[in-house]
Amino acid sequence: MVAAAEAAQQAAQQLVAAWRSEPPELWMQRLTIESTGNRTQAMCPLLFEQLKFVRALRDHNRVVAVKPRQPGFTTAATLFLFAKAYRANHPRRVLQAAHDDRALRKVRRMVETAHEGLPDAIRFPLKTSNLDVTEFGHNRAQFLRILGGDGGQGRGDTYNDFHATEMAFWRAKVSSRHNSDTNADSDLYASVLAGIHDPTGHVITESTGDGPQGHFHVLFSDAMAGRGPNHGVFLPWNAVPRYVAPVPVDFEPTPDEELLIKLHGLTPAQLVWRRDRLTLMGGDLVRFRREYPLTPLEPFLFSGTGWFDQERLSVMATLARVANSTQDGHHTVWEEPQPGRSYFIGLDTAGGVRGDEAVAHVIGDDRKDVAMWASNETEPYATADVAIELARRYNHALVLCGQNHCGRIVNERLMAAGVRVFFTPEGKLWYANRARKLELLTYARHVVAEWIAAPLDHATIVQLQSMVEDKYERILARDDGHDDRAMAWCFAQWAARLFTRPSEVDVLATRHREMEESMARFARDFNLNLRG
């Protein structure tokens with residue numbers, strides 16, 4: 001008892017000594033949290049799975065994180081912001097938004113538990129304490145709490161920091177309350193950010209996945225693709241050391257589990273834990289993969305059946321993460337043009353009014369992605385000029401541009417410049433009527449299902465994943481989403497199908513071998529990074 005009391009006193013003295021000197025990512029680890037059974041304990045040491053997230057908060061002011069269930073990201077974000085606000089010499093204002101009242105009560109308890117656990121020397125009285133606000137008496141700093149996207153809350157005010165927790169679930173909650181489809185999640189996010197002018201301010205967004213919908217999906221997809229100001233953090237469930245279970249003597253992996261071992265290096269203890277968790281979830285594999293993802297695509301899986309094989313796309317998304325590329329504005333390059341090679345460009349056009357993107361996907365005669373250009377603000381004439389430059393750069397590539405809408409203008413400009421343009425066997429420019437589009441997308445589905453080609457652009461994979469066949473037998477993006485990148489990629493594959501040098505059997509065998517080698521390298525490097 002005496003030793004325990006002395007240890008507690010020493011910890012309190014260290015907390016006071018570090019009151020002003022330590023950065024928030026260190027001082028937060030001395031704070032108190034509520035653990036299982038309403039017991040309190042020090043945050044330190046951080047859980048292994050929290051380290052990557054906290055390091056991101058240390059190094060970046062804008063962070064978007066996808067997490068498996070219960071990794072402690074909400075706790076880490078709250079205490080990090082507590083360490084900033086409580087020690088500030090001005091009335092710092094932190095806004096926290098959650099998807100329901102229970103989550104709001106939870107983050108309030110985190111703030112006030114951290115305050116209650118402070119030593120007397122630095123535990124100053126609270127001025128206000130309720131579900132909506134916790135205000136510190138010594139510096140008037142505040143933690144304000146609102147429901148995500150609800151009825152105009154949080155708008156028109158100023159904040160220093162913003163913490164959006166479980167953002168993937170905001171949209172569904174708001175829609176059910178107001179009986180309408182709404183963009184309240186993106187509206188709130190934009191309006192809060194408009195009121196943050198502090199260069200030291202943090203915008204922290206973290207959530208489990210809830211399908212490819214809502215603003216969280218947009219933010220994370222952009223962050224992982226390197227677009228915009230946010231730094232993306234992804235934590236697969238097999239990086240959480242606690243997610244293991246005792247292995248029975250007679251344990252034998254199923255064929256599906258053998259694939260998981262090969263792709264992700266899962267251990268028998270992790271596979272047994274996975275089986276137990278799946279049983280608790282009623283065998284709902286899609287729900288398990290959303291809440292306990294292994295790849296950045298899995299949190300955004302649809303519950304229904306898509307046009308393309310989602311298992312294949314999930315693996316392809318993992319490969320896309322480790323593909324080397326260079327980016328310059330709207331251009332992405334994976335491979336420079338090689339002498340003697342044939343190249344093909346799929347071009348999907350748009351009006352350049354910041355809605356749909358105009359996209360050019362360039363692939364080689366081995367079906368690999370080599371370059372891509374995408375812009376939602378380039379008008380058709382300028383889009384044609386980009387395609388002309390790409391075609392000339394990539395050995396006079398063959399270009400397939402649909403003749404629909406803006407495609408007519410673009411095709412005329414391409415032909416006037418001497419670019420090789422794709423014609424149908426009937427000698428006509430390709431036009432997307434229902435039958436021809438079905439033929440093209442059926443072939444593209446075959447390309448994905450048989451591993452003939454794998455997109456290297458994450459947003460393209462997400463769009464392919466979103467494509468479904470509706471009740472009128474039309475194939476389109478679910479919920480009126482974008483399919484521009486997906487269609488451009490499919491155009492390129494269609495243009496290449498008759499001209500590819502290797503046979504599809506050779507390509508299939510090569511692709512299987514390359515994917516297995518890439519996944520092995522990815523698993524090794526990822527595990528090394530975690531240990532480092």
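Presented here is a report on the structure given in the accompanying data block. Treat the numbers as computed from the prediction; the structure is a model and nothing was measured.

Overview of the overall build of the protein
Then, number 1: Each helix and strand in the protein was counted, giving 18 helices and 18 strands.
Then, number 2: Of all intrachain contacts in the protein linking residues separated by at least 6 positions in sequence, the fraction that spans at least 24 positions is 68%.
Then, number 3: Accessible area for the protein stands at about 24,200 Å²; split by element, carbon and sulfur atoms hold 50% of it.

As for the side chain of Asn-238
Then, number 1: By the secondary structure assignment, Asn-238 is in the loop between β10 (231-234) and α9 (255-264).
Then, number 2: Here His-264 takes part through its backbone oxygen, which lies 3.4 Å from a polar atom of the side chain of Asn-238.
Then, number 3: Here Asn-238 is in contact with His-264, Leu-266, Gln-270 and Leu-294, once residues within four sequence places are set aside.

Notes on the pairing of strand β7 (residues 142-147)
Then, number 1: With respect to burial, β7 is a largely interior element, 6 of its 6 residues being buried.
Then, number 2: Burial of β7 is two-sided: the residues Gln-142, Leu-144 and Ile-146 facing one way and the residues Phe-143, Arg-145 and Leu-147 facing the other way are all buried.
Then, number 3: Where strand β4 (residues 93-98) and β7 come together, 6 bridges link them in parallel fashion. For Arg-93, the partnering residue across the bridge sits in β7 and is Gln-142.
Then, number 4: Relative to β7, strand β6 (residues 133-136) is paired through 3 bridges, and the arrangement is antiparallel. Its bridge partner lying in β7, Val-133 is registered against Leu-144.
Then, number 5: Turn length for the β6-β7 hairpin, with the two strands adjacent in sequence and antiparallel, is 5 residues, and the turn residue Arg-140 shows positive phi of about 65 degrees.

Some thoughts on unusual backbone geometry
Then, number 1: Phi angles above zero are rare outside glycine, and Arg-140 is one such case at about 65 degrees.
Then, number 2: If you trace the backbone, Arg-140 turns up in the loop between β6 and β7.

Comments concerning helix α13 (residues 380-393)
Then, number 1: Helix length check: α13, at 14 residues, gives a terminal C-alpha distance of 20 Å against a target of 20 Å (1.5 Å per residue), a fit within 8%.
Then, number 2: What α13 keeps buried is the set Pro-380, Thr-383, Ala-384, Val-386, Ala-387, Ile-388, Leu-390 and Ala-391.
Then, number 3: Residues of α13 that are buried make contact with β12 (331-333), β13 (343-348), β14 (358-364), β15 (369-375), β16 (398-401) and α14 (407-416).
Then, number 4: At the C-terminal side of α13, Asn-395 shows a positive phi close to 55 degrees.

Focus on the sheet that holds strand β5 (residues 126-129)
Then, number 1: Read from one edge to the other, the open sheet built from 8 strands follows the order β5-β6-β7-β4-β8-β9-β3-β10, with strand pairing classed as mixed. Each end of this open sheet is capped by a strand with a single partner; those strands are β5 and β10. Direction aside, the axes of adjacent strands within the sheet are offset by 10 degrees on average.
Then, number 2: Where strand β3 (residues 62-66) lies against β10, 4 bridges are found, and the strand directions are parallel. Looking at the pairing, Val-66 lines up with Phe-234 of β10.
Then, number 3: Contacts from helix α5 (residues 101-116) reach β4, β5, β6 and β7 within the one sheet, and its direction differs from that of β7 by about 170 degrees.

Some remarks on the packing of helix α15 (residues 434-449) against helix α17 (residues 484-496)
Then, number 1: At a minimum axis distance of 9 Å, the contact between α15 and α17 shows a crossing angle of 85 degrees. Taken together, the axis directions place α15 and α17 in an arrangement best described as roughly perpendicular. Each of Lys-437, Glu-439, Leu-440, Leu-441, Tyr-443, Ala-444, Val-447 and Val-448 in α15 lies in contact with α17, whose residues at this interface are Met-487, Trp-489, Cys-490, Phe-491, Gln-493 and Trp-494.
Then, number 2: Classifying every residue of the contact of α15 with α17 by side-chain character gives 11 nonpolar, 1 polar and 2 charged.

Some thoughts on the nonpolar core
Then, number 1: The biggest cluster of nonpolar side chains holds 49 residues, and the ones touching the most others in it are Trp-27, Met-28, Phe-53 and Phe-82.
Then, number 2: The greatest single-element share of this core, amounting to 10 residues, is contributed by helix α4 (residues 73-86).
Then, number 3: Counting 39 residues, the second-largest nonpolar core is a separate cluster that includes Phe-308, Ala-444, Ile-461 and Ala-496.

Here's the deal with the pattern of salt bridges
Then, number 1: Taken as a whole, this structure holds 24 salt bridges when the rule is applied.
Then, number 2: Note that Glu-291 and Arg-69 form a salt bridge whose closest N and O atoms lie 3.3 Å from each other. Here Glu-291, found in helix α11 (residues 285-291), pairs with Arg-69, found in the loop between β3 and α4; they are 222 residues apart in sequence, far enough to count as distant.
Then, number 3: Residue Glu-291 is classed as buried on the basis of its relative accessible area of 16%.
Then, number 4: Its relative accessible area of 33% is what places Arg-69 among the partly exposed residues.
Then, number 5: Among the ionic pairs, Arg-413 bridges to Asp-385, the shortest N-O distance being 2.9 Å. One end of the pair, Arg-413, is in helix α14; the other, Asp-385, is in helix α13, with 28 residues separating them in the sequence.
Then, number 6: Given a relative accessible area of 37%, Asp-385 falls into the partly exposed group.
Then, number 7: Members of the salt-bridge network, linked through shared partners, are Lys-84, Arg-92, Asp-161 and Asp-198.

Here we look at the sheet that holds β16
Then, number 1: Read from one edge to the other, the open sheet built from 6 strands follows the order β11-β12-β15-β14-β13-β16, with strand pairing classed as mixed. Of all the strands in the sheet, the pair left with one neighbour each is β11 (326-328) and β16. Each adjacent strand pair in this sheet contributes to an overall mean axis angle of 15 degrees, direction not counted.
Then, number 2: Here 6 bridges tie β14 to β15, and the two strands are oriented antiparallel to one another. Of the residues in β15, the one forming a bridge with Val-362 is Ala-371.
Then, number 3: Where α13 meets the sheet, its contacts fall on β12, β13, β14, β15 and β16, and the angle it forms with β13 comes to roughly 170 degrees.

Focus on the packing of aromatic side chains
Then, number 1: Following the criterion strictly, the structure yields 18 aromatic pairs and no others.
Then, number 2: Arranged with centres 6.3 Å apart and planes meeting at 70 degrees, the rings of Phe-136 and Phe-143 form a pair that is edge-to-face.
Then, number 3: Among the aromatic residues, those joined into a cluster by ring pairs are Phe-82, Tyr-86, Phe-124, Phe-136 and Phe-143.
Then, number 4: The ring of Trp-307 is capped by Arg-445, whose NZ or CZ atom sits 3.6 Å from the centre of that ring.

Remarks on the environment of Arg-485
Then, number 1: You can see Arg-485 is positioned in helix α17.
Then, number 2: Using a relative accessible area of 6% as the deciding quantity, one classes Arg-485 as buried.
Then, number 3: Arg-485 has contacts with Arg-227, Glu-357, Val-359, His-361, Met-372, Ala-374, Asp-457, Ala-459, Thr-460 and Gln-463, leaving out every residue within four places of it along the chain.

What counts and what doesn't
- Numbering of residues starts from 1 in each chain and follows the order in which that chain's sequence is written.
- Confidence filtering applies because this is a predicted model: local features only for residues at pLDDT of at least 70, side-chain atom pairs given and counted only at 80 or more, and all residues used for totals across whole chains, interfaces and linings.
- The side-chain quantities take in all heavy atoms of the structure and omit both hydrogens and water.
- Elements are defined by DSSP. Helices are runs of H or I of four residues or more, strands are runs of E of two residues or more, and each kind is numbered from the N terminus.
- In this description, contact between two residues means that some pair of their heavy atoms is separated by no more than 4.5 Å.
- In these tables, accessible area is a Shrake-Rupley quantity obtained with a 1.4 Å probe, and a residue counts as shielded only by the protein chains included in the view.
- Under the rule applied, a polar contact is a pair of N or O atoms within 3.5 Å (in protein, one hydrogen donor and one hydrogen acceptor; residues adjacent in sequence only if both atoms are side-chain atoms).
- The cut-offs for exposure are 20% and 50% of the maximum accessible area for each residue type, with area from a 1.4 Å probe on protein chains only; residues under the lower value are buried, those over the upper are exposed, and the others partly exposed.
- In this description, strands pair whenever DSSP reports at least two bridges between them.
- For a helix, the expected span equals 1.5 Å multiplied by the number of residues minus one.
- Helix axes use the C-alpha atoms of the stretch in contact, all axes being lines fitted to C-alpha atoms, and the angles between their N-to-C directions lie in the range 0 to 180 degrees.
- Should an angle fall under 35 degrees it is called roughly parallel, over 145 degrees roughly antiparallel, and 65 to 115 degrees roughly perpendicular, with every other angle called oblique.
- Residues are grouped as follows: Ala, Val, Leu, Ile, Met, Phe, Trp, Tyr, Cys and Pro are nonpolar; Asp, Glu, Lys and Arg are charged; every other residue, Gly included, is polar.
- In this description, a nonpolar core means a group of buried Ala, Val, Leu, Ile, Met, Phe, Trp, Tyr and Cys residues linked to one another through side-chain atoms lying within 4.5 Å.
- Take a side-chain nitrogen of Lys or Arg and a carboxyl oxygen of Asp or Glu: if they are within 4 Å of each other, that pair is a salt bridge.
- Aromatic pairs are defined between Phe, Tyr and Trp rings, using the six-membered ring for Trp, whenever the two ring centres lie within 6.5 Å; interplanar angles under 30 degrees are classed as stacked, those over 60 as edge-to-face, and all others as tilted.
- Should the NZ of a Lys or the CZ of an Arg lie within 6 Å of a ring centre and within 35 degrees of the ring normal, that charge is described as sitting over the ring.

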